[in-house]
Structures are given as C-alpha cells and as structure tokens.
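These are the residues of each chain, in order.
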Number of protein chains: 2
Amino acid sequence: MAGDRGGTGGSEGMAVPRAAKTQRRTRIQEEKEERILDAALEVFSSNGFRGATIDQIAEAAGMSKPNLLYYFRTKEAIYRTLLESMLFTWLEPLKALDAEGDPEAEIRSYIRRKLEMSRDFPRESRLFANEMLQGAPHIEDDLTGPLKALVDEKAEVIRSWIKNGKIARCDPYHLIFAIWATTQHYADFDVQVCAVLGENRAGEGRFEDAARFLEQLFFEGLRPKKA
Amino acid sequence: MAGDRGGTGGSEGMAVPRAAKTQRRTRIQEEKEERILDAALEVFSSNGFRGATIDQIAEAAGMSKPNLLYYFRTKEAIYRTLLESMLFTWLEPLKALDAEGDPEAEIRSYIRRKLEMSRDFPRESRLFANEMLQGAPHIEDDLTGPLKALVDEKAEVIRSWIKNGKIARCDPYHLIFAIWATTQHYADFDVQVCAVLGENRAGEGRFEDAARFLEQLFFEGLRPKKA
DNA sequence: TGATAATTTGACCGGTTGGTAAAAACATAC
DNA sequence: GTATGTTTTTACCAACCGGTCAAATTATCA
C-alpha cells in the first residue's frame, strides 16, 4: 500500500520519508531532500520561521506541496533539520581555534574564516540570526548545552594566552562576541552595508576591505602609533 | 455617519484614523495610537513583519482587532509608522558625533551611547534587524537616501581625524559598521549572549563588561603592550 | 512481463489571517 | 432632551496556510 502515515506509531524519526521500509535512502530521496533543504534555507532565511510558507518552499524546490510533505512531515521538521545541520558547520571555525598555535595567528585566522563564511554562506547566517532574534525557541538547548560548552572551552584557551602575555588582558567571552558580531554583520545586514557603501565599494571588494579593517581593529585598535 | 472607508478616494494618508474631520487628534486618539505602536513593537520585533498577526498586536494593546484597525488601516501602516519613527531616534547618536570634539572621546561616547540603546531599547534594535534580514523591503529608500547621506558625512569627519593623526588610519565606513555590529549584537543576539555567559555574568552586568571590553578593543586592540 | 514498493498529484479540510460592514455605544454641543 | 460626530463591538468573509487523503503514476526488480 502507498504511504503509511496516519500515526501508525512507528518511525517517529525526523527527516525520514514515509518509505522507511528499505532502510537506506535512494538516490532520488537524497537528491530531493537536498533540493528541499536548499529551497527552505532560501525561504526561511529571509522570512523567518513563521513568515515562511510550505507553498513558498515547495515552489522554490520545484515540486508540489504534498510531494514536499512526503519527504518532511512538517514545516518544523524541515526547519529543525536545517538548523541543526547548520549549527554544526557554523561552529567549525571556533572548534579549529588551536590552543597550541600562535595566539595572534589563531585569532586572525578565526576572524578570516568567519568572514569568509559570511561571504559564502549568507543565507545560513541569516537563518541563524532570524532564530536568535525570535529568542531561539528551536535551539535553546543547543545554546546552553553544546554551544556554551564550546565557548567556555575556547574562552579558557584565550585566558591562558592572556596569562602568558601573548595577547592583551580582556574578557574572552566579549572578544568572541565581538568577532561574531563584526563578521556576521556583513551577511545579516548586507542590504545596509551595500546601500551605505554605494556603487563604488559595494562589490565583492567589500569583504577584502572588511578583512583588512577587522585585522587592524582587533590587533592594533584605533589609537595612532606615537611615532 | 460612522466611518468612511470603502475607497471614497479621500485622505490616502497613513496613520490618520477615519476621523479626520476635526483635523487634530483627541487625547484618546493620541493615547490609543501610542498603545498600539508599543504593542506592535513588541510583536513585530520578535516575529518579524510576516510572522506577526494583527490579533496578537490587538491583544497586546488590550483592544479588539476591528478597534485597532480603526486607528491604523492596515498591518503595514502600523509597521511603517513604527519603522519610520524608529529610524529617526536610531540615528541620533551618530548625528551627535561632533567634528569639533576630541576624536577619541567622540568615538568612545558614540560606542557608549549605542550600547546604552541596545540595553534600553532592545525591541527597537530587533525590529530594525528583522527588517534588514528580510532585505529592508520597507525602508530601502531611507537606506540609500538619508542614512547613506548621514554616514557619508560622518565618514568624512572620521577621515579628517585620520588626516590630522588623531586616530589610526582605517576605513571609516567599516569602522562605523563595526561599532553598529558590536553594540547591536547585545540586543539582537541577547538570548545567545545570556546563554553563553550563563548565570554568573548574564545579569545587567554584561553591559558594563561589554562597554569595558569594547572601549579597549576599539582603542588599544588585542596586541599586548611591549612593557 | 507483472508484482511490488516508491513517488507524485489533485482534491480537500479545519483553522487562521487580514480586513470589512453595519450597527451599537459613547461623548459632546446645543 | 436631541442632533452630531467618535469610538467600540458583533458578526462576518474571502484568501491563505499547514496538513491529510486516496488515487494515479512511476521506478525497481524478479
């Protein structure tokens, strides 16, 4: 028989389509799910969870609404899948911050990588920002759990660098916040950045300018050198 | 007769209630409109434009939906009114940046004032952020018009300070972006900030810590002093 | 080929949403 | 009081939205 929804009680998984008989997904499943998630990223990231509609996502994915709902049972299932798979890659750069490396080089490359993510994955950044603005109702646990744990760990690394005199004394948490804020700004507030910069520097060059500026800001600050 | 909607063609104004006969608004109009705007700020700022419903706003304002629609003809009218009145106060601190003042003190106090706004008016900040995330469909013109003009003007001020050796050589536009990003982060990403800081420092003390950190970051950077 | 399972579609449903119509309630001036 | 204008309520609607259902279509493989 076709499909087995209707609360049969089994497979309360998540992104698994009705067809959980042959346990592994076919090529076509894999591909369709990916297309859905890509479309959903587009729609969710610019409208937020409540503002997005399944019809919008379905149309962006080039399929009918019931067809989409065959792969993901609910709108929320799509959203959660997206958010979770994103959170992982989103924290990669911070994970890569190496306690054994050269402090200044490590922070410098962290800033650079975060900025590259804003350039290359602005939708992901905006999705995340949208979720935050709404009070993170879907990922509160991740925030106080894995994310906090990771930040705590890296804050400790930074503190040790401070103790060794490798970087200036400062609050490591607010340092991390500042890096997040300044880099993600170029994805989340892209319209504003482009509007303000105008025709001249609004091209891709703005990311290079930003990188140059941020490296200077974070390491030298604004005070002029007393020559 | 009661009301005059129905496309009579007249008064295509905006926030003006049906009662545009006696040209000035009564005390009760003034008060109700304010209550609506306050409620709308609450709802819009945490759900975005599409995610917010008139019913939600009406309930938060303590009145029925049709009653609310008597003061503002459409959901969009409420939103636009809110956004415009907000944009003005939002740019006040930047307007106050004084070319004649001491450069370092001016920038320092700009950062402080922006941070205070994040602390005291987080809803306004989030409303603005929401609009930006969605590509600023309602205020595109303000962005490329008045806002760009103001930023251009202040960027020129900063450039002159650089020329006089008062602050380090840097891109004034990206400096302004960095100040916006770091300060607004504490309003827009409040959940994340609190989750990461945990019980200990998540109280109001976080704004003082942030202020201290940002002042150091912007003026001294992270490089340790060569004692 | 035919049996079987996977995928897609069109029609539909109950609830919500933005907004309207009309009349009732209230205030005010005379 | 009554006439006039303002504010509020009750009832309502058409469009939309998340999701379901049953049937039709297509892929898979013995």
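About the criteria used
- Residues numbered from 1 in each chain as written.
- Chains lettered and ligands numbered in written order.
- Predicted model: local features only at pLDDT ≥ 70, side-chain atom pairs only at ≥ 80, totals over all residues.
- Heavy atoms only, no water.
- Helix = DSSP H or I, 4+ residues; strand = E, 2+ residues; numbered from the N terminus.
- Buried < 20%, exposed > 50% of the residue type's maximum accessible area, 1.4 Å probe, protein only.
- Contact = heavy atoms within 4.5 Å.
- Areas by Shrake-Rupley, 256 points an atom, 1.4 Å probe, with all protein chains shown as cover.
- Buried area = accessible area lost by both parts, 1.4 Å probe.
- Salt bridge = Lys/Arg side-chain N within 4 Å of Asp/Glu carboxyl O.
- Phe/Tyr/Trp six-rings, centres within 6.5 Å; stacked < 30°, edge-to-face > 60°.
- Lys NZ or Arg CZ within 6 Å of the ring centre and 35° of its normal.
- Domains from an automatic or database assignment.
- Expected span 1.5 Å × (residues − 1).
- UniProt positions renumbered as here; feature names shortened; annotations may be inferred.
- pLDDT = per-residue confidence, 0-100.
- Core = buried A, V, L, I, M, F, W, Y, C linked by side-chain atoms within 4.5 Å.
- Least-squares fit on C-alpha atoms with pLDDT ≥ 70 in both.
- Lys, Arg positive; Asp, Glu negative; His and termini not counted.
- Polar contact = N/O pair within 3.5 Å; in protein donor to acceptor, adjacent residues only side chain to side chain.

Trainee: Help me understand the overall build of chain A, please; the structure alone is not making it clear to me.
Mentor: In terms of regular secondary structure, chain A is built from ten helices and zero strands. Listed by position from the N terminus, the elements making up chain A come as α-α-α-α-α-α-α-α-α-α. Across the 227 residues that make up chain A, the buried fraction comes to 51%. Contacts spanning at least 24 positions in sequence make up 65% of the contacts within chain A whose residues lie at least 6 apart. For chain A, the accessible surface area stands at approximately 10,800 Å², while carbon and sulfur atoms represent 50% of it.

Trainee: Looking at this model, I keep getting lost on the interface of chain A and chain B. Mind explaining?
Mentor: Frequently, the measure chosen for interface size is the accessible area that the parts lose on association. Chain A puts 65 residues into the contact, and the matching count from chain B is 65 residues. Roughly 5,700 Å² is buried in total at the junction of chain A and chain B, and carbon and sulfur atoms are behind 66% of that figure. Contact with chain B buries area across many residues of chain A, yet Leu133(A), Val196(A) and Leu222(A) alone supply 14% of it, more than any other trio. At the boundary of chain A with chain B, the tally comes to zero salt bridges.

Trainee: What is the right way to look at the packing of aromatic side chains in this model?
Mentor: How two aromatic rings sit relative to each other is set out by the distance from centre to centre and by the angle between their planes. What the rule picks out here adds up to 14 aromatic pairs over all chains. On the basis of an interplanar angle of 15° and a centroid distance of 5.9 Å, the ring pair of Phe44(B) and Phe49(B) is categorised as stacked. Judged by its relative accessible area of 0%, Phe44(B) is buried. On the basis of relative accessibility, which here comes to 14%, the residue Phe49(B) falls in the buried class. Connected via pairs of aromatic rings, a cluster forms that spans Phe177(A), Trp180(A), Tyr186(B) and Phe207(B). In this structure, Arg108(A) is placed above the aromatic ring of Phe219(A), and the distance from its NZ or CZ to the ring centre is 4.5 Å. One Lys or Arg, Lys95(B), reaches over the ring of Phe88(B) and ends 4.1 Å from the middle of that ring.

Trainee: Explain the domain arrangement of chain A to me, please; I cannot follow it from the model alone.
Mentor: Residue and element names in this part refer to chain A. Domain annotation for chain A reports domain 1 (2-77) and domain 2 (96-222). Each partner contributes to the interface: domain 1 provides ten residues, whereas domain 2 provides seven residues. Together, the buried faces of domain 1 and domain 2 total about 720 Å²; carbon and sulfur atoms form 55% of this surface. Inspection of the region where domain 1 meets domain 2 yields two salt bridges. Among the salt bridges present, the one from Arg123 reaches Glu42, with a minimum N-O distance of 2.8 Å.

Trainee: What am I meant to see in helix 9 (residues 190-201) of chain A here?
Mentor: Spanning twelve residues, helix 9 of chain A covers only 13 Å between terminal C-alpha atoms, well under the ideal 16 Å at 1.5 Å per step. Among the residues of helix 9 of chain A, those classed as buried are Gln192(A), Val193(A), Ala195(A), Val196(A), Leu197(A) and Gly198(A). Elements in contact with the buried residues of helix 9 of chain A: helix 8 (172-188) and helix 10 (205-220) of chain A together with helix 6 (122-133), helix 7 (140-163) and helix 8 (172-188) of chain B.

Trainee: Help me out: how do you make sense of the UniProt feature "domain: HTH tetR-type" (unreviewed entry) in chain A in this one?
Mentor: Residues annotated in UniProt with the feature "domain: HTH tetR-type" (unreviewed entry) correspond here to residues 30-90 of chain A. Across residues 30-90 of chain A, helical content stands at 87% and strand content at 0%; the span's end C-alpha atoms are separated by 22 Å.

Trainee: Where do I start with the UniProt feature "DNA-binding region" (unreviewed entry) in chain A in this structure?
Mentor: Here the UniProt feature "DNA-binding region" (unreviewed entry) sits at residues 53-72 of chain A. As annotated, residues 53-72 of chain A has a helix share of 75% and a strand share of 0%, and its two end C-alpha atoms lie 14 Å apart.

Trainee: Would you mind going over the confidence of the model for chain A with me for this structure?
Mentor: The predicted coordinates should not be examined in detail at positions where pLDDT is low. Residue and element names in this part refer to chain A. Taken over all residues, the pLDDT of chain A has a mean of 88, while the share at 70 or more is 87%. Mean pLDDT in chain A bottoms out at helix 9, which sits at 92, and peaks at helix 8, which reaches 98. In this model, residues 1-16 is a region of pLDDT below 50 whose contacts with residues beyond four sequence positions or in other chains number 16 contacts. Below pLDDT 50 for its whole length, residues 19-23 participates in three contacts with residues either more than four positions away or in separate chains.

Trainee: Teacher, can you tell me more about the nonpolar core here?
Mentor: Most often, soluble globular proteins keep nonpolar side chains buried together rather than apart. Judged by nonpolar contacts, the single largest core of 142 residues is most densely connected at Phe44(A), Phe218(A), Phe44(B) and Phe218(B). Apart from residues lying up to four places away in sequence, Phe44(A) is in contact with Phe49(A), Ala52(A), Ile57(A), Lys75(A), Ile78(A), Tyr79(A), Leu82(A), Leu127(A) and Asn130(A).

Trainee: Would you take a moment to explain the relation of the copies chain A and chain B for this structure?
Mentor: Take chain A, turn it by 180°, move it 0.0 Å along the axis, and it overlays chain B with an RMSD of 0.1 Å. Expressed as a symmetry operation, the mapping of one chain copy onto the other fits a two-fold axis. Here 100% of the contact residues of chain A are again contact residues in chain B; the copies associate through an equivalent surface.

Trainee: Is there a simple way to think about the environment of Ile167(A) in this case?
Mentor: Tracing the chain through its elements places Ile167(A) in the loop between helix 7 (140-163) and helix 8. In this structure Ile167(A) touches Pro103(A), Ile107(A), Ile158(A), Trp161(A), Ile162(A), Leu222(B) and Pro224(B), once residues within four positions along its chain are discounted.

Trainee: Even after reading the chapter, I still don't get the side chain of Glu124(A), so can you show me in this structure?
Mentor: Residues and elements named next belong to chain A. Tracing the backbone through its elements, the reader meets Glu124 in helix 6 (residues 122-133). For the buried Glu124, which has no salt bridge, the nearest side chain bearing the opposite charge is Arg123, at an N-O separation of 4.6 Å. Apart from residues lying up to four places away in sequence, Glu124 is in contact with Leu41, Met86 and Trp90.

Trainee: Mind showing me how you'd approach the environment of Ser46(A) here?
Mentor: Following the sequence through the fold, Ser46(A) ends up in helix 1 (residues 27-51). For Ser46(A) and Val151(A), which are 105 residues apart along the polypeptide, the C-alpha to C-alpha distance reads 27 Å. Ignoring any residue separated from it by four or fewer positions in sequence, one finds Ser46(A) in contact with Asn130(A), Leu133(B) and Gln134(B). In terms of polar contacts, Ser46(A) uses its side chain to reach the backbone carbonyl oxygen of Glu42(A), at 3.2 Å.

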